[in-house]
Amino acid sequence: MERINDKLLNWASILEEGARRQAEATSGRPFIHPHVALMPDAHLGKGATVGSVIPTEGAVMPAAVGVDIGCGMMAVRTGFTVDEVVAAGRGGLGPLHAGIARRVPLSAGQYNRSRSRTAQPRLQALRELADAAGFDPAGYAENWELQLGSLGSGNHFIEVTVDEQERVWLFLHTGSRGVGNKIAQKHIAVARDECASVALPDRDLAHLSEGTGSFAAYIREMRWAQEFARLNREEIMDRAADALTGWMDTELERVETINCHHNYTTRERHVGREVWLTRKGAIDAAEGTRGLIPGSMGTASYVVTGKGNPLSLNSSPHGAGRNFSRTAARKRFSRESLDEAMRGVAWGRSDAFLDEHPEAYKDIDVVMADAADLVSVDHTLRQIVNIKGD
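Procedures and definitions
Residues numbered from 1 in each chain as written. Predicted model: local features only at pLDDT ≥ 70, side-chain atom pairs only at ≥ 80, totals over all residues. Heavy atoms only, no water. Buried < 20%, exposed > 50% of the residue type's maximum accessible area, 1.4 Å probe, protein only. Helix = DSSP H or I, 4+ residues; strand = E, 2+ residues; numbered from the N terminus. Arc of directions from axis to C-beta. Contact = heavy atoms within 4.5 Å. Axes fitted to C-alpha atoms, helices over the stretch in contact; angles between N-to-C directions. Parallel < 35°, antiparallel > 145°, perpendicular 65-115°, else oblique. Left-handed = near helix turned anticlockwise from the far one by under 90°. Nonpolar A, V, L, I, M, F, W, Y, C, P; charged D, E, K, R; others polar. Pairing = 2+ DSSP bridges.

Participant: I would appreciate a short explanation of helix H4 (residues 94–103) in the present structure.
Facilitator: For the α-helix, the turn length of 3.6 residues means that residues three or four positions removed from each other point alike. Those residues of H4 that sit buried are Leu-96, His-97, Gly-99 and Ile-100. The arc enclosing the buried residues of H4, seen along the axis, measures out at 160 degrees, which places them on a common side. In this fold, the buried residues of H4 make contact with helix H3 (82–89), strand S7 (157–162), helix H8 (213–248) and strand S17 (375–388).

Participant: How should the packing of helix H7 (residues 177–194) against H8 be read in this particular structure?
Facilitator: Where H7 contacts H8, the axes come no closer than 10 Å and their chain directions differ by 160 degrees. Here H8 runs roughly antiparallel to H7, going by the angle between their axes. Here H7 runs over H8; the crossing is left-handed. Contacts from Arg-177, Val-179, Gly-180, Ile-183, His-187, Val-190 and Glu-194 in H7 reach Ser-214, Ala-217, Tyr-218, Glu-221, Trp-224, Ala-225, Phe-228 and Asn-232 in H8. Grouping the constituent residues of the contact of H7 with H8 by class yields 8 nonpolar, 4 polar and 3 charged.

Participant: For this particular structure, what's the right way to read the sheet that holds strand S10 (residues 254–261)?
Facilitator: Backbone-to-backbone hydrogen bonds pair the strands of a sheet. The strands run either parallel or antiparallel. The strand order across the open sheet built from 7 strands is S10-S6-S8-S7-S17-S15-S14, with neighbouring strands paired in antiparallel fashion. In the strand order of this sheet, the two ends are held by S10 and strand S14 (290–293), each with one partner. Going across the sheet, the axis of each strand differs from the next one's by a mean of 30 degrees, ignoring polarity. For strand S15 (residues 301–306) and S17, the ladder comprises 6 bridges, and the chain directions are antiparallel. The residue bridging Gly-306 from the neighbouring strand is Val-375, located in S17. Along the sheet, H3 makes contact with strand S6 (72–81), S7, strand S8 (167–174) and S17, crossing S6 at roughly 80 degrees. Relative to the sheet, H8 contacts S6, S7, S8 and S10, its axis offset from that of S8 by approximately 145 degrees.

Put into structure tokens, the structure is as follows:
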């Protein structure tokens, strides 16, 4: 761990200068307590650094949470072994990839055409939560109900993975979709307006002050979006499990389940005071808390348990973290090298995924080595099927 200044601690051995300067600017805001913690996967983000843990008193910065409120991971360990899953295919795992992809709308702007049976109780819970929060999600996205159970694009994915004991896991990454994005954009704009007369190092560091109506509205709607994201992962997992059940012609047993946010704000106590803790690309790593840290497509992912490191504000990295922007990755990497990196994995086989090339991300082994005092590794997962939206 490196102490950059009294308000900024860093666990990233690979840290670009722009990300360091950005984190220093965030740590200089007057409501930070006790300090900002940079995770091993930290990299330059919009407004605030991705892979940063930001504790604030009396204020929140909506852009620090980001536009994918509640984005996170979910994993289920099944009762199947890899040999059983491979044997069920006989002709390869491509049809399993297709079966999962048919059940889940992929890519930006792609949503369900109807409300599924499994989605109904989740949608009812979200309606009731919105009523209690005093707002109508349809004011942000008329089709928000059809968004539940959709994946999105970019680095969101569904995977069939295998651990060190050859046991099969379902593993996925997504968030609050279009409705969460609209909620975030509205409150980011409000914060900018309210801080119009404040000298800011970056306008995305604009904040909402606790005790104001705008602050209360953001917290209510943000918490709703976080719950939408959690239930979205549950809905997608149900559909992926249904596909695997059909593939195996045997009911899937859920031996273990983990569902965790990595873009969110919550109330926690640190260094003797209650704060609003924003994890922007970081997971809760309180002592004994289970978590999920994915690598890039084609590399390992991890099931972990938090060590409760107080200096990290009980947090750990959320993934590999980008080394190259999407534009730079598309220019740098070839389809041939991506095919080679994904050898042995059933995947979408498209140039659309060049910006997700494994080498566009930090080395996950370095990230996990940097996180040795933050989490312990319970399981290491390798992919056999990878589904993404283009």
